[in-house]
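Summary of structural features
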Amino acid sequence: QLGQPGPAFRDVELSRRGYFQFNADVAWTNKFGDLPPQPVEKLTGNPDTLCFGLNKDFPSFFSNPFRSADAGDLVPLDKMMQYGVDASLLRVHPYARGSDLKWGPSSPNFGDARDAGFGDDVLSIRLQKQDPNNPANAIPGTGGAIPDVNFARRDIFPLFSELRNDPAIDTTRNPYMMYQPMTRLGNLVSEHSGVFAVWVTVGYFEVEPAPDWNANTNNVQQRFGGSGAGTAANPTPDAQSVAARALYDRVYPEGYALAQEVGSDTGNTKRQRGFYIIDRTIPVGFKPGEDLNDDRAIKVRRRIE
């Protein structure tokens, strides 16, 4: 926190993903813009860190890439639509500050952008078809006067900005200090291209049966965060074990676990690699489970031994 000002990388990943997903149980997910389902739970502990959490309602965990401000609606699915500013580098931070207008707990170390997601911070949810910054637009269920206890109205603090009151870098007095994190984005991210270079590596591994969940082999339930409920001796699982089982099913969807790589014991491993250049600015169709014309977006294909 004493280093480069700006957001934690976990928050950049969360914003770029374009939807909230706290764990492998996809029953609770949301996008930046939809009202939260009921009942809702405030995220406790660490902020959202499931950076590769795939979701059936979105085609990618890069569902909100950095792009120009006029491209917020150029998406294949309605759930991926964004305000113009929220598609650009000036997008809002995914967390809203607490009642003290600082990130982190009530007595934070610094209260800066890297403390976001802790303490009384809440998810920044914008209201559709309304002025997102109007204080009257409270989340339904609160009487229309105050934000929901678990969710806030949309904050207005940009993602790539800073909030500090140190005399040398007082961001409330000097806009250069406030937007200093943006000065280092030139070699990190860009909104000027929809072209991506993709490397794919295929390895070959032996498989073995996954540890038995019901028998709790080697305390598998506890290793996935469960309490041990849901076994033959204790057939009624609690909420903690249900979430742990959801994660177990994501790790072992076919009931098998990866063992050693083929050839690793003799030093004769073989992997196949491929390199592709994909242009997402080319209009192609997307429909889950069907192969439409998405091959048009792949401009370069190279198989490497």
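Since we're looking at a predicted model, the values are computed, not measured.

**Digging into the overall build of the chain**
The number of helices and strands found in the chain is five helices and ten strands. When burial is assessed residue by residue, the chain has 38% of its 305 residues classed as buried. Taking contacts inside the chain between residues at least 6 apart in sequence as the whole, the part at least 24 apart equals 61%. Carbon together with sulfur atoms contributes 54% to the accessible area of the chain, which is approximately 17,800 Å² in total.

**Some details on the side chain of Asn64**
Relative to the helices and strands, Asn64 is located in the loop between strand 2 (29-31) and helix 2 (84-87). Within polar-contact distance, the side chain of Asn64 engages the backbone oxygen of Asp86 at 3.4 Å.

**So, the sheet that holds strand 9 (residues 272-279)**
Here three strands make up an open sheet; going across it, the order is 6-9-10 and the pairing antiparallel. Of all the strands in the sheet, just strand 6 (195-202) and strand 10 (298-304) have a single pairing partner and so form its edges. The average angle at which neighbouring strand axes cross in this sheet is 15°, direction not considered.

**Some points on helix 1 (residues 9-17)**
By the burial criterion, the buried members of helix 1 are Asp11, Val12, Glu13, Leu14, Ser15 and Arg17. The inward-facing, buried residues of helix 1 contact strand 1 (19-21) and strand 3 (95-96). Positive backbone phi, at 90°, marks Gly18, one or two positions downstream of helix 1.

**A word on the environment of Gly263**
Structurally, the position occupied by Gly263 is in the loop between strand 8 (256-261) and strand 9. Using a relative accessible area of 14% as the deciding quantity, one classes Gly263 as buried. Sequence separation between Gly263 and Phe205 is 58 residues, and the spatial gap between their C-alpha atoms is 8.8 Å. Setting aside chain neighbours within four positions, we find Gly263 in contact with Asn268 and Thr269.

**A short note on the packing of aromatic side chains**
A complete count under the given rule lists nine aromatic pairs for this structure. Ring centres 4.5 Å apart and planes at 20° place the aromatic pair Tyr19 and Phe58 in the stacked group. Placement of Tyr19 in strand 1 and of Phe58 in the loop between strand 2 and helix 2 is noted, with a sequence separation of 39 residues between them. Across the pair, Phe58 and Tyr19 agree in class, each one buried. Ring centres 5.0 Å apart and planes at 55° place the aromatic pair Phe61 and Phe62 in the tilted group.

**Thoughts on the confidence of the model for the chain**
Of the residues in the chain, 76% have a pLDDT of 70 or more, and the chain-wide mean is 77. Here residues 31-45 is a poorly scored stretch, pLDDT under 50, and it has 50 contacts once near neighbours within four places are set aside; other chains count. A low-confidence stretch, residues 128-152 (pLDDT under 50), is modelled with 49 contacts involving residues beyond four sequence positions or located in other chains.

**Some remarks on the nonpolar core**
It is characteristic of soluble globular proteins that their nonpolar side chains tend to be buried jointly. One finds Leu14, Phe20, Tyr95, Trp103, Ala113, Ala116, Leu123, Phe157, Leu163 and Met178 forming the largest nonpolar core, which totals ten residues. Counting residues in each nonpolar core, the second largest holds eight residues, with Phe224, Tyr248, Tyr252 and Ala257 among its members.

**Brief notes about the pairing of strand 9**
As paired strands, strand 6 and strand 9 are joined by eight bridges and run antiparallel to one another. Counted as the bridge partner of Ala197 is Ile277 from strand 9.

**A few points about the layout of surface pockets**
Of the pockets and cavities examined, the largest pocket occupies roughly 1,400 Å³. Considering the residues around the largest pocket, the lining is formed by 42 residues, among which Gly194, Phe196, Asp279, Arg280 and Thr281 are closest to the centre. Broken down by secondary-structure element, the contributors of at least two residues to the lining of the largest pocket are strand 6 and strand 9. The biggest single contributor to the lining of the largest pocket is strand 6, with four residues. The residue makeup of the lining of the largest pocket, split by class, is 24 nonpolar, nine polar and nine charged.

**Observations concerning a nonpolar patch on the surface**
On the surface, a nonpolar cluster with roughly 310 Å² of combined accessible area is contributed by Val200, Val202, Tyr204 and Val262. By the element assignment, Val262 lies in the loop between strand 8 and strand 9.

**Some details on the pattern of salt bridges**
Throughout the structure, instances matching the rule amount to seven salt bridges. When the shortest N-O distance is used, the salt bridge between Glu162 and Arg114 registers 3.1 Å. Taken together, the residues Glu162 in the loop between strand 5 (151-152) and helix 3 (175-178) and Arg114 in the loop between strand 3 and strand 4 (122-124) connect sequence positions 48 residues apart. The buried category is assigned to Glu162, whose relative accessible area is 2%. Owing to a relative accessible area of 13%, Arg114 belongs among the buried residues under this scheme. Taking the shortest distance from any N to any O, the salt bridge between Glu290 and Lys287 comes out at 3.6 Å. According to the relative accessible area criterion, Glu290 is partly exposed, its value standing at 46%. Three or more residues are tied together by salt bridges with common partners; here these are Asp112, Arg114, Glu162 and Arg164.

Reading the values: the criteria
- Along each chain, numbering runs from 1 in the same order as the chain's sequence is written.
- Totals for whole chains, interfaces and linings use all residues, but because this is a predicted model, local features are given only for residues with pLDDT of at least 70 and pairs of side-chain atoms are given and counted only at 80 or more.
- With hydrogens and water excluded, all non-hydrogen atoms of the structure serve as input to the side-chain values.
- In DSSP terms, a helix is any run of H or I states spanning at least four residues, a strand is any run of E spanning at least two, and both are numbered starting from the N terminus.
- When accessible area is computed with a 1.4 Å probe and restricted to protein chains, residues below 20% of their type maximum are described as buried, those above 50% as exposed, and intermediate ones as partly exposed.
- Between two residues, a contact is recorded if the distance between any of their heavy atoms is within 4.5 Å.
- To measure how exposed things are, a 1.4 Å probe is used in the Shrake-Rupley method; for residues, cover is taken only from the protein chains shown.
- Side-chain atoms alone can form a polar contact between residues adjacent in sequence; in general such a contact is a pair of N or O atoms within 3.5 Å, and within protein one must be able to donate a hydrogen while the other accepts it.
- When DSSP locates at least two bridges between a pair of strands, those strands are taken to pair.
- A fitted line through C-alpha atoms serves as each axis, taken over the contacting stretch for helices, and the angle formed by two N-to-C directions is quoted from 0 to 180°.
- Only centres within 6.5 Å qualify two rings of Phe, Tyr or Trp (six-membered ring in Trp) as a pair; their planes then separate them into stacked at under 30 degrees, edge-to-face at over 60, and tilted for everything else.
- Confidence scores labelled pLDDT are given residue by residue by the predictor and lie between 0 and 100.
- We call a set of buried Ala, Val, Leu, Ile, Met, Phe, Trp, Tyr and Cys residues a nonpolar core when their side-chain atoms join them within 4.5 Å.
- Definitions used throughout: a 1 Å grid over protein atoms alone; a cavity as a set of points that fits a 1.4 Å probe which cannot get out; a pocket as an open set with protein on both sides within 12 Å along at least five of seven lines; a lining residue as one with an atom within 4 Å of a point.
- Grid points are joined across faces, edges and corners, and a volume is the space filled by probe spheres set on the points.
- Classes in brief: Ala, Val, Leu, Ile, Met, Phe, Trp, Tyr, Cys and Pro nonpolar; Asp, Glu, Lys and Arg charged; the others, Gly included, polar.
- Within this analysis, patches are made of residues with over 30% relative accessible area and no salt bridge. Like charges are joined at 9 Å or less; nonpolar side chains (Val, Leu, Ile, Met, Phe, Trp, Tyr) at 5 Å or less.
- Salt bridge criterion: a side-chain nitrogen from Lys or Arg within 4 Å of a carboxyl oxygen from Asp or Glu.

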